[in-house]
Amino acid sequence: MKPRWPSVELNALTENDRSITYGVVKPGEKMEGGVVFVRGGELYQGRIALEALRTITPHVSQVYQRTILHGGE
């Protein structure tokens, strides 16, 4: 059974004093041993398609550090 998500306005999910961040748009070349990141297209039925994940350099990850997943998101 597909999970049912409630509809809410985006501003109800964000902090008023922080702008919205959208993550890595231009990841560059795949990097062996880099930092794994998740794109929207890799989400399927509430799960992450692990076989499709790509990597980015540690530098690019640092630039987008506000988008790092910590679990439970």
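Now for a quick tour of the structure. Note that the structure is predicted; figures quoted are calculated from it, not measured.

**Here's the deal with the side chain of T55**
Line of reasoning, step 1. Take T55: it is sitting in strand β4 (residues 54–56).
Line of reasoning, step 2. Residue contacts for T55: discarding those within four places in its chain leaves E29, K30, M31, E32, G34, V35, V36 and F37.

**With respect to unusual backbone geometry**
Line of reasoning, step 1. Phi angles above zero are rare outside glycine, and Q45 is one such case at about 50 degrees.
Line of reasoning, step 2. You can see Q45 is positioned in the loop between β2 (43–44) and β3 (47–48).
Line of reasoning, step 3. The exposure class of Q45 is exposed, given its relative accessible area of 54%.

The rules behind each value
- What you see as residue numbers is a count from 1 along each chain, following the sequence as written.
- Totals for whole chains, interfaces and linings use every residue, but because this is a predicted model, local features are given only for residues with pLDDT of at least 70 and side-chain atom pairs only at 80 or more, for both listing and counting.
- To get the side-chain values, take all heavy atoms of the structure and skip hydrogens and water.
- Numbering of helices and strands runs from the N terminus, with a helix taken as a DSSP run of H or I at least four residues long and a strand as a DSSP run of E at least two residues long.
- Any two residues whose heavy atoms approach within 4.5 Å are treated as being in contact.
- Think of it in three bands: with a 1.4 Å probe and only protein chains considered, a residue is buried below 20% of the maximum accessible area for its type, exposed above 50%, and partly exposed in between.

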